[in-house]
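This is what each chain is made of:
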Amino acid sequence: MLRSSSFHFSEVAASAGKPRLPSPQPLHRVSISQPGTTTSDMHSRDCVKVAVRVRPFNKMERDASSRCIVAMAANSISIQDPRDAQCRRSFCFDYAYWSHSGYVIDDLTGLYLPEEAGGRYADQECVFQDLGEGILENALQGYNATLMAYGQTGSGKSFSMVGYKPNKGLVPKLCERLFEAIKENQDTRQCQVFFSMLEIYNEQVVDLLSRGSRPPGGLRVREEQHRGFYVEGLRTVPCDSAALIEQLMEQGTRTRTTAATLMNANSSRSHMLIVLQLQQILSKESVTKQSNINLVDLAGSERQRSASSEADRLREGTAINLSLTTLGNVISALADMAVGKKVVHVPYRDSVLTKLLQSALGGNSRTVMIATLSPADICYEESLSTLRYAERAKHIQNRPVVNESPTERLVKELKAENARLMQRLSRLGQDGRSATDETKEIRQLVTHNELQIRTIHTLWEQHLQEALQDWEQQYANITQERRMMQMHPYILNINEDAQLSGVVKLFIQEGEWDIGINEGTSRSICIKGLGIQQRHAVLRNEHRRVMLTPLKGSKVTINGRGISQTIELQHLDRVILGSNCTYLYIGFPSERGANDWSRYDYDYFLSELAEAEGIHLGESSNDSCQTDPRLLAVFYDYVKMMPLVAEANQMSQELNKGVEFKLEIKNLVLSDSKGHDLEKEIVCRVTSTHSKQVWVWSKAKFVNRKFLMEEIYQKHLDEMKGQNSEEGLSTAALPREKDPFWDPVEPLLLGTAHLWLQSIAFRIPVDEQLEVLGSEGSEESILQAKLIPCTHDGSPLAEDDILIDPSELLGRRLDVRLVVEQCFGLRWIRESRDRGVQIGFHLFDSSSHVYTPASWRNINPVLRHTEHFASLSVSRRLLNYLQTSAVLLELWGLQEGCVSLVSTVESARGNANGVIIIDLNDVVETMSL
C-alpha cells in the first residue's frame, strides 16, 4: 500500500506537545462494477483490468526497415514470429489500443489525431476515456485505484502515463479532471488533494519532491498493523489545482534527471510512483471519504527478462532486477490462486515494489495495467514476453472495500467527549463545587479537545499556504530560465526516457566557462556523471561563436566521433561528455529557425555511436541485414548495450580494476556443420589489462554484473566523500570471489573451421589447410587437417578402393582417420605467450567431443593428433551426412589457471585400438570388429 508518513493529523497534535492521536486506518481500493454485476459482487471480487497499447516505429526501427508483426482486432491482439510465418500467438485483453498507424499531427495544436473520424487509431483522449475516467470515478466514490504501466524500455510507457507536449497522458489528464470534478461538486463536498512522487531504484526509495540530501540507503519502508506498508518520511504536498501538480511533477522530473547523470535514473532501471491522496467531506451526509490513486511507471521489462534467463553465480539476480522478477512471481502466484490452484506463499515481502503494491495486487484496489509494446520484428522476444506477462495479470482478483476515514470519526469522538465533559461540569456546578481541582481538569480537557478540532479543520489551509510559498521561488527560477533561453546558447540533456529529456538546460553566457565536477568558481558549469573530471572541458562564447576544448584525459564525443582538439559547436550538435552525459547544443536564437530538436532523441545518439563502430541499421546495411529480422534484432540489441559497456569501462577505470569490456556479436559469421547460420547473440568480451586473462559473458550475465559493479562504485564514491555507512564494504577489501569484475578463467572458443566430408563418400583422402574464423570473422589461425579413409587396422586404402558411386557404401563398413596436423600463426598466443590451445571436434551422431592434447606457448604448434572413426554398416542417414556436411573443428583457447578440456568418448570406443564407433542407431544388427 502506498502511504506517506510525512503528514498526518496526529503529527500536528504531537508537535504541540499534546498526546498523539490514533493513526489513520488503512486505505482500501475497489473496482467499478461491470454491467450486470450486483453490489455484493462488486464488494467481493474484481479482476485486474489489462489494456495493451501498440506504439509507432521509432527512428531506429524505421532505419532498420522493420516489419510490423502485431495485428489487432477488437480486444484481441496477435503476434507473429518473424522467423516462422506459421507461428502466430493470440491474446485477449479488456482493452486493446492501436496507436501504431492511421494518425496525423495537427499543425496548429501538435496533437496526434486519427486520420479520419472513427479510425482505428487510439489517441491519448481515447485511452483516458477508457482507463482514466474509471479510476477517477472510483476515487470520487471513496475507493482506491492503481494504474501500472508495463513494457520494455522505449515501448511508450511514459508517453501513455505522462504524455509529450500537447499530447497529455493519463496522469495530467486525470489531475485536470479531478479538479474539474472537485469544482463541480464544491457546494456538496469539501475536498483536499495531496501529492507525492517517489522513485524505486536498486531497492532504494527516493523522494523526488525532497530538496534535502538523500539519506544513505534511501527512505525506509515500514509496516504497521492498521496502515500496512508505508514509506517513512515521504513528503506529501497539498494541492489546490492541476497546475500545481504539474509544477510538482516538473520538480520531480528535474530531481530524477539530475540523478540520471550519476547512472541510475534512466527510466529503464527505475520505477516511478505518483500518489494522489484525495480526502472528501460530504456535508449533507456527514461522511468523510478518502482514497489513494497510485500511478506506477514500471522499469523496462527487458531487464527482468534478461536477468531471469541466466542465473549468476555471484547472486541470483540483483536488486534492480529483483523488483520486476518479484512482481512477476506475485502476479503468477495470484493468477494461480484465481484459477483454483493451491498457493502456499505470495512473495510480497521479497521487494520494495511489491510491498508498496500489495493492496493493488490481490488486495483492496481497482487496478488497471496498461502494457505497451513495439510491433517491430526486431522486438519480437520482448513484445511476446510483455503479452505473456499481461495475460497472467488479468487473472488476478482483488477484494474491493469502501474506505473509512479516521478523521471524521476522530472529530465526532472529540465532540462527543466534550459533550460528556460539559455535562459532568454542569453537574459539578449544580453541586456547588465549581472551584475544585476536578473542575479545572475538566476545563483543561475540553480546551485541549477544542484545540485539536480546530487544528484538524485549519490544517489544510496552513499546509497549502506553506506549499505555495515553498514553490514560489522555484517557479521564479523557471521564469528566469525561459528568459535565458531567448538570450543565450545552451546545452540540454537527452535521456533514454523522453520525459526526462530537455529538463536540464546549461546556459553558455559570454566568456570562458569550465565544465566538469568542480563547482567552486563563478565561471564553472557543474556536470556530474561517470567519467566527468574536475575540469573536463572548456566552453568559450566569444563573437557569437561557441568553442569547446576537451582537457587532457577527458572523453568528449561530438556527433558520434571522439574529439581531442578545439571544435566550434553548431546548432543541434550532439555532445557526449564522459561515458553517459548526453546533451544537445542549442545555438543562438538567430540560428534556431523552426527546427524541432525532438527528433534528436536518445536513439539518435546511439545510432551515431553505432555507425562510428561500423554498425549500420539503415540503408547502408547490407542486404542480409535488411531481410533477416534475427540479425536486425541482434544489431538493435548491440546498439542498446553500448552505453552500458561504456559505463562499465569507466567504472573499471575509476576503481583501478584493470578490466576492459567490449561488445561482440557471437556467431556473426559462423555456421554449423551443414553451413547453416548459427543463432546470433550479444556477448561481452572481458579482458584483464594486467594478466591478459579473458572471459566471455552473455548479455544477461553482463547486465547482472554491471548492476553489482554500480553498487561497488557507489560505495567507492561514498568512501571518497567520507560518508560510507558502517555496513558498507570497502572496495579495497572486497574478496576476489565476490568481485563482479572477476571470474574464474575457463577455456574460450576462439573460432571454427569446416573440413568437408564429401570426398569421404567416394573414399578419397582429404588434406586441407583451413582458415579458422573467429565469431566476428577475424582470422584466428590456419589449421592443417586430414581425412584418410582406411582399413580396420588404420592402414590407408589403395587407389582401387575409390568409389564411383557413393551408394556402394550402404551396408558396408567405413573407417576414417581424422588427423589434426598443425596450427599456424595463432593470434591467441601472439597476444600473450602464456596461453595455450586445443582443437575439439566430433563426427556425425557422436554426442561426445574429442580434444587434442593442450599445446602451450607456441604460435605454430605441431599437434599430429589422430582419431579413428568407424561405421559398422553405413546407413542412408550417414551417407547423406557425408555428402552434405563437414567436421566442425573448434579452436579452444587456454589461459593460465584454467583446466584443459578432456575428451569424453571412451565409452564409444569399440576396441583396444581406440576406434570410435558411429552410426550405431541405424544398424539393425550389431557386427563385431
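The structure reproduced in this document is the subject of the present report. Just so we're clear, the structure is a prediction, and the values are computed from it rather than from any experiment. (Residues numbered from 1 in each chain as written. Predicted model: local features only at pLDDT ≥ 70, side-chain atom pairs only at ≥ 80, totals over all residues. Heavy atoms only, no water.)

As a further point, take the overall build of the chain. The helix and strand tally for the chain stands at 20 helices and 44 strands. Looking at the chain residue by residue over its 929 residues, the buried ones come to 55%. Intrachain contacts of the chain at a sequence separation of at least 6 include 69% that bridge at least 24 residues. Accessible surface, the chain as shown: approximately 41600 Å² in total, 47% of it carbon and sulfur. (Helix = DSSP H or I, 4+ residues; strand = E, 2+ residues; numbered from the N terminus. Buried < 20%, exposed > 50% of the residue type's maximum accessible area, 1.4 Å probe, protein only. Contact = heavy atoms within 4.5 Å. Areas by Shrake-Rupley, 256 points an atom, 1.4 Å probe, with all protein chains shown as cover.)

Spatially, β32-β33-β34 is the arrangement adopted by the three strands of the open sheet, whose pairing is antiparallel. Edge positions in the sheet fall to β32 (659-666) and β34 (694-698), since each has one partner strand and no second. Neighbour-to-neighbour, the strand axes of the sheet open up by a mean angle of 25°, direction not taken into account. In this structure, β32 lies alongside strand β33 (residues 681-688), joined through eight bridges in antiparallel fashion. Following the sheet pairing, K666 is matched in β33 by E681. Its contacts with the sheet put helix α17 (residues 629-654) on β32 and β33, and the angle it makes with β32 is roughly 170°. (Pairing = 2+ DSSP bridges. Axes fitted to C-alpha atoms, helices over the stretch in contact; angles between N-to-C directions.)

Further remarks concern the side chain of S291. With respect to the helices, strands and loops of the structure, S291 is situated in strand β18 (residues 287-297). Its relative accessible area of 0% is what places S291 among the buried residues. Only 3.1 Å separates the side chain of S291 from the backbone oxygen of A139, close enough to count as a polar contact. (Polar contact = N/O pair within 3.5 Å; in protein donor to acceptor, adjacent residues only side chain to side chain.)

Next up on the list: the environment of S332. With respect to the helices, strands and loops of the structure, S332 is situated in helix α9 (residues 319-338). In this structure, the C-alpha to C-alpha distance between S332 and Y389, residues 57 residues apart in sequence, is 8.7 Å.

The next subject is the packing of helix α4 (residues 124-141) against helix α6 (residues 170-184). One way to put it is that α4 packs onto α6 with a least axis distance of 9 Å and a crossing angle of 50°. Between α4 and α6, the angle falls in the class oblique. In terms of crossing hand, the pair formed by α4 and α6 is right-handed. Between α4, through Q124, E125, V127, F128, L131, G132, E133, I135, L136 and L140, and α6, the contact on the second element is made entirely by L170, K173, L174, R177, L178 and A181. (Parallel < 35°, antiparallel > 145°, perpendicular 65-115°, else oblique. Left-handed = near helix turned anticlockwise from the far one by under 90°.)

Mapping P861 onto the fold places it in the loop between β41 (855-856) and β42 (862-871). Classification of P861 as buried rests on a relative accessible area of 1%. For the pair P861 and C823, spaced 38 residues apart in sequence, the C-alpha separation works out to 5.6 Å. The contacts of P861, once residues within four sequence positions are left out, are Q822, C823, L826, V837 and S855.

Our next topic: the pairing of strand β25 (residues 537-542). Both strand β23 (residues 511-516) and β25 contribute to a ladder of five bridges, which runs antiparallel. Residue pairing across strands places G511 opposite N541, the latter belonging to β25. The pairing of β25 with strand β26 (residues 545-550) spans six bridges and is classified as antiparallel. In the sheet register, V538 faces β26, and the bridge partner there is T549.

Here we come to the packing of helix α15 (residues 602-612) against α17. Across the interface, α15 lies against α17 with an axial gap of 9 Å and an inter-helix angle of 90°. In terms of orientation, α15 lies roughly perpendicular with respect to α17. In contact with Y602, D603, L606, S607, L609 and A610 of α15, α17 contributes V639, K640, M642 and P643. A breakdown of the residues in the contact of α15 with α17 according to their chemical character gives seven nonpolar, one polar and two charged. (Nonpolar A, V, L, I, M, F, W, Y, C, P; charged D, E, K, R; others polar.)

Bringing the nonpolar core into the picture now. By size, the foremost hydrophobic cluster in this structure holds 57 residues, and its most contacted members are F661 and F702. Among the elements that line this core, the one with the most residues is α17, at 13 residues. What F661 contacts, discounting residues up to four positions off in sequence, is V645, A648, N649, S652, C684, R685, V686, W697, F702, M709 and F741. Grouped together as the second largest cluster of nonpolar side chains are 49 residues, V52, I77, M148 and L234 included. (Core = buried A, V, L, I, M, F, W, Y, C linked by side-chain atoms within 4.5 Å.)

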